[in-house]
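For reference, the chains in residue letters:
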Amino acid sequence: MRVDLHTHTNASDGALTPQALCERALAHDVELLAITDHDTCAGWREAEALARRPRLIAAAEFSCQWRNAAIHVVGLGFDPDHETSVAAFAQLQQSRVERAGIIGERLARLGFPDTCEDATALAGASQVGRPHFAQILVQRGVVASPTEAFDRYLGAGKPGDVKALWPDLAEVTAWIGRAGGVAVLAHPLKYKLTATRLKLLVAEFKAAGGGALEVITGRPQPGVIAPLVRLCQTFALEASVGSDFHQPGQFWAEVGEVAPLPTGCQPVWERWLN
Ligand code: AMP
Ligand code: FE
Ligand code: FE
Ligand code: ZN
């Protein structure tokens, strides 16, 4: 069964509408899909109403922080209408708006005024994020590409890297649990932690009620999967897979293009099959 439990639409920083994403997923034979927009389930909500779509799991990718690192937790199968979910998304959206203001001030000090206004306008009804700032810097000719914008202004340790506003990891896992879902630690290798620190993160994630690790993100390099499988086994965590698809042509994976889960893992999606 073809499964993709990590995808984005234009409800956050993806390029496709929820409908276009669902059509693309069907074209790639995806049978079970989670739309995991940053800090919102608006993409899922729109897709859920479509007549033609893969089977969907209600989902979102929550921004949070753990010991000063910005971490992403995918929530799967929670009730989006639960009062906890409604309050959580309201809080995260407010944090995004406040953060955009701070990023704008910091960029203004570097000589680029009014980027918050432009990024917010560009985002429109979507959740505003650093990718929108990156696009504005490209449009203004400050940088040649979004990657250069992250490298110079928005990425880890740069002025636009504002994460103090995100809730703690344990708060996010509690929200997801209270609303009946499973918390999945997204792309565990993307945080560039040492093996010791990653193990500590996974231990604390599990202690905080985390349920699964994203063992496969797109098409991983050979050799990186086995240590994640061992972490699942050590901490009795289930395993998830996802492309982290944002737009057609992205280099790391197409919708539904995820390497198979190795044996020895318990697939988290079996919870929703019967
Ligand atoms: P935010 O949620 O606003 O902090 O933005 C994070 C998003 O920015 C990630 O989910 C990616 O989609 C994108 N992103 C992060 N780092 C980079 C990078 N180096 N180049 C391009 N996009 C990036
Ligand atoms: Fe993103
Ligand atoms: Fe992410
Ligand atoms: Zn993502």
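Calculation criteria
Residues numbered from 1 in each chain as written. Chains lettered and ligands numbered in written order. Predicted model: local features only at pLDDT ≥ 70, side-chain atom pairs only at ≥ 80, totals over all residues. Heavy atoms only, no water. Donors = N, O, S within 2.8 Å, 3.2 Å for Na, K, Ca; no water. Helix = DSSP H or I, 4+ residues; strand = E, 2+ residues; numbered from the N terminus. Buried < 20%, exposed > 50% of the residue type's maximum accessible area, 1.4 Å probe, protein only. Pairing = 2+ DSSP bridges. Right-handed = clockwise from strand over helix to strand, strands pointing away. Near = heavy atom within 4 Å. Polar contact = N/O pair within 3.5 Å; in protein donor to acceptor, adjacent residues only side chain to side chain. Areas by Shrake-Rupley, 256 points an atom, 1.4 Å probe, with all protein chains shown as cover. Nonpolar A, V, L, I, M, F, W, Y, C, P; charged D, E, K, R; others polar. Lys, Arg positive; Asp, Glu negative; His and termini not counted. Salt bridge = Lys/Arg side-chain N within 4 Å of Asp/Glu carboxyl O. Contact = heavy atoms within 4.5 Å. Axes fitted to C-alpha atoms, helices over the stretch in contact; angles between N-to-C directions. Arc of directions from axis to C-beta. Disulfide = S-S within 2.5 Å. 1 Å grid on protein atoms, 1.4 Å probe; cavity = no way out; pocket = protein on both sides within 12 Å on 5 of 7 lines; lining within 4 Å. Points joined across faces, edges and corners; volume = space filled by probe spheres on them.

Draft legend 1. Inspection of the coordination of the iron ion (ligand 2) at higher detail. Bound to the iron ion (ligand 2) on the protein side are D13 (OD), H38 (NE2) and H246 (NE2), at distances that span 2.1 to 2.3 Å. For the iron ion (ligand 2), the single-chain donor residues occur in sequence as D-x24-H-x207-H. Between the iron ion (ligand 2) and the iron ion (ligand 3) the interatomic distance amounts to 5.5 Å. Residue D13 is found in the loop between β1 (3-7) and α1 (18-27), and its partner H246 is found in the segment after β8 (238-242); the two are separated by 233 residues along the sequence.

Draft legend 2. Inspection of the pairing of β1 at higher detail. Taken across its five residues, β1 has five buried, putting it largely inside the fold. The pairing of β1 with strand β2 (residues 32-35) spans three bridges and is classified as parallel. The residue of β2 that forms the bridge with T7 is I35. Crossover β1 to β2 through α1 is right-handed.

Draft legend 3. Local environment of the site of ligand 1. Taken together, D13, H38, R96, R99, G129, R130, P131, F150 and H246 make up the full set of residues adjacent to ligand 1. Here an oxygen atom of ligand 1 sits 2.8 Å away from a polar atom, N or O, in the side chain of R96. In the complex, 75% of the free accessible area of ligand 1, which totals 510 Å², lies under the protein chains. Taken together, the elements giving at least two residues each to the shell around ligand 1 come down to α3 (83-109) and α5 (130-139). The residue inventory of the shell around ligand 1, partitioned by class, reads two nonpolar, three polar and four charged.

Draft legend 4. Main features of the side chain of E61. Within the secondary structure, E61 is located in strand β4 (residues 59-66). Look at E61: it is buried, it has no salt bridge, and the nearest opposite charge is K190 at 6.3 Å. E61 has contacts with H6, H8, T36, D37, H38, D39, H72, V73, V74, A186, H187 and D244, leaving out every residue within four places of it along the chain.

Draft legend 5. Looking closely at the sheet that holds β4. The five strands lie next to each other as β4-β5-β6-β7-β8, forming an open sheet whose pairing is mixed. Strands at the two margins of the open sheet, each flanked by one partner only, are β4 and β8. With strand direction ignored, the average angle separating the axes of adjacent strands in the sheet is 40°. Bridging between strand β6 (residues 182-185) and strand β7 (residues 212-217) involves two bridges; their strand directions are parallel. By the bridge assignment for β7, L185 is matched with L213. Contacts between helix α9 (residues 225-234) and the sheet are confined to β7 and β8, with β7 contributing the most and set at about 165° to the helix.

Draft legend 6. Summary view of helix α4 (residues 115-123). Here α4 has its buried residues at T115, C116, A119 and A123. When α4 is viewed along its axis, its buried side chains cluster within an angular range of 100° and face the same direction. In this structure, the buried residues of α4 make contact with α3 and α5. Once α4 finishes, G124 follows within two positions and takes phi at roughly 60°, a positive value.

Draft legend 7. Focus on the state of the cysteines. Scanning the model with the defined rule gives zero disulfides in all. No disulfide involves C265; its nearest neighbouring cysteine sulfur is the one of C232, lying 5.1 Å away. Taking relative accessible area as the criterion, C265 reaches 15% and is therefore assigned buried.

Draft legend 8. Examining empty space enclosed by the protein more closely. With the rule as written, the count across this model stands at one cavity of 30 Å³ or more. Residue lining of the largest cavity: F62, F78, T84, S85, A88, F89, W175, I176 and A179, and that is the complete set. Of the residues forming the lining of the largest cavity, the biggest block, four residues, is contributed by α3. Partitioning the lining of the largest cavity into residue classes produces seven nonpolar, two polar and no charged.

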